Amino acid sequence: MMQIVLAVTAVIFSLAAVGAIIRISRGPSLLDRVLATDVLLAILGGALCVDMAVNRHLNNLMLVVAISIIGFIGSVTVARFVADRREQPNES
Amino acid sequence: MSRRRISLRQELPLLVWLVIVWGALWQDFSPGNLLFGALLSVAVARLFYLPPVELSGRFNILYAVPFALTFLAKVVMASMQLLYLAVSRGPRVKNAVVAVTLRSHQDLLVTATGHVISLIPGSLVVEVDRSTSTLYLHALNISSPQDVENLKNEVLSIEAGLIRIMGTREELEILRTEATA
Amino acid sequence: MSPDSTGLDAWVDVLSAVFMIVGATMSLGAAIGLLRFPDLLSRMHAATKPQVLGLFLLLASIGLQMRTWWVWPVLLVAWIFQLLTVPVSAHMVGRAGYRTKHLHRELLTSDELEAVVQKAAAKAAREDGSGDG
């Protein structure tokens, strides 16, 4: 049964990843792309979780945590940068 | 050291959390490992000193467990609703930015309320006014003034739940007078 | 550990399979939301979903599959890290998005922040003017 679950989740995650990548390539603004990258990282983490659950090991658990923290730091940094850069032209 | 010392009681939640993280990272909860983690967390808390989070000194586990369960239920409900919205409504969705003034003026409670609201899909904290403790939320699928009222009531009920868990006595007093009024 | 499909063991397997599929569907829902919602702030709502509920379900399915007690604290710590970081990054991106006008005003039924922002901007402009002399 686990093999069927693995196949189904693989299809779902692939579709989700394709959607996120389309948004990254199309996204009208930088923030849209950052957001979609965050979602792509979350999808990657989810896929790692499914792999761990099906094959019953915990090797990648810290990798999942690291991925989520990388996504967090990345989006916070970009958000700050965008907010700072955009405010100047509006003021003058 | 000229800094104000904080009591061990106030520091205890931080230390316990650090020990749990230590054990989880090693995936080993044997007493020796936990003891070493405790020593390490005391050292970390002493050396890397941060401004202390002002806790109210009370924590009610009786309210915390049902709160966590209702939070999970709300997350599940909101996620399903959002999935339905994304599929059915899509580009024609209506939003609103709503200001909600909270009762509490404690930083910790305002932050916790904002976190809980942001974690429930469908609402998001855009801006915080710390002086009046007002949260500005961006919420999905708000089309009438009635929806705005519902959202405000929900935020205030979440805050009430958090106050019952870890609010100060004054805030509990406010809740009580509100309930009777 | 061969899967003997009798009794409790089978039920735990079924439950974790359901969790995995629903958790994966959350990611798909986020992708659909990313593609279909009209502006940045609506898309952000969709993006928080796989990071909170999806990860919770997937971590729970790991815990069910491993069948040892000591993985639960580890998984809980991983999930709490996620709970602490997701709202912060969502708030930062959302605030930057609001300030840089990444939203469609015609889609908002009410905006109780706009007046406050304009008042603050006017005040800041006045103070800048007086500061310069």
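Residues numbered from 1 in each chain as written. Chains lettered and ligands numbered in written order. Predicted model: local features only at pLDDT ≥ 70, side-chain atom pairs only at ≥ 80, totals over all residues. Heavy atoms only, no water.

Under an unreviewed UniProt entry, the name given to chain C is Multicomponent Na+:H+ antiporter subunit G, and the source organism is Pseudarthrobacter oxydans. In UniProt, chain C has this text filed under Sequence similarities (unreviewed entry): "Belongs to the CPA3 antiporters (TC 2.A.63) subunit G family." (UniProt positions renumbered as here; feature names shortened; annotations may be inferred.)

Per an unreviewed UniProt entry, chain A carries the name Multicomponent Na+:H+ antiporter subunit F and comes from Pseudarthrobacter oxydans. Of the comments in the UniProt record for chain A, the one headed Subcellular location (unreviewed entry) reads "Cell membrane".

Notes on the UniProt feature "transmembrane region" (unreviewed entry) in chain C
Residues and elements named next belong to chain C. When the UniProt feature table is mapped onto this chain, "transmembrane region" (unreviewed entry) is found at residues 14-35, 47-64 and 70-93. Here residues 14-35 runs as 100% helix and 0% strand, with 32 Å between its end C-alpha atoms. The straight-line gap between the two end C-alpha atoms of residues 70-93 is 36 Å; of that span, 96% is helix and 0% is strand. (Helix = DSSP H or I, 4+ residues; strand = E, 2+ residues; numbered from the N terminus.)

Section: helix 5 (residues 145-166) of chain B
For helix 5 of chain B, which comprises 22 residues, the first-to-last C-alpha distance of 32 Å matches the rise-based estimate of 32 Å (1.5 Å per residue) to within 8%. Within helix 5 of chain B the residues assigned to the buried category are Val148, Leu151, Val155, Ile158, Glu159, Ala160, Gly161, Leu162, Ile163, Ile165 and Met166 of chain B. (Expected span 1.5 Å × (residues − 1). Buried < 20%, exposed > 50% of the residue type's maximum accessible area, 1.4 Å probe, protein only.)

A short note on a nonpolar patch on the surface
All names here are of chain B. Together, Phe36, Leu39, Leu40, Val44, Leu47 and Phe48 make up a nonpolar patch on the protein surface, roughly 630 Å² of accessible area in all. Assignment of secondary structure puts Phe48 in the loop between helix 2 (31-47) and helix 3 (61-88). Owing to a relative accessible area of 60%, Phe48 belongs among the exposed residues under this scheme. (Patch = residues over 30% accessible without salt bridge, like charges linked within 9 Å, V, L, I, M, F, W, Y side chains within 5 Å. Areas by Shrake-Rupley, 256 points an atom, 1.4 Å probe, with all protein chains shown as cover. Salt bridge = Lys/Arg side-chain N within 4 Å of Asp/Glu carboxyl O.)

With respect to the UniProt feature "transmembrane region" (unreviewed entry) in chain A
Cross-referencing UniProt, the feature "transmembrane region" (unreviewed entry) maps to residues 35-54 and 61-83 of chain A in the present numbering. With 100% helix and 0% strand, residues 35-54 of chain A has end C-alpha atoms that lie 29 Å from one another.

Quick notes on the nonpolar core
By size, the foremost hydrophobic cluster in this structure holds 100 residues, and its most contacted members are Cys49 of chain A, Leu137 and Leu162 of chain B together with Met20, Met44, Leu59 and Ile62 of chain C. Counting residues per element, this core draws most heavily on helix 3 (residues 71-99) of chain C, which supplies 13 residues. Look past the residues within four positions of Leu59 of chain C in its chain and what remains in contact with it is Cys49 and Leu61 of chain A together with Leu75, Ala78 and Trp79 of chain C. Grouped together as the second largest cluster of nonpolar side chains are seven residues, Leu82, Leu85, Ala86 and Val93 of chain B included. (Core = buried A, V, L, I, M, F, W, Y, C linked by side-chain atoms within 4.5 Å. Contact = heavy atoms within 4.5 Å.)

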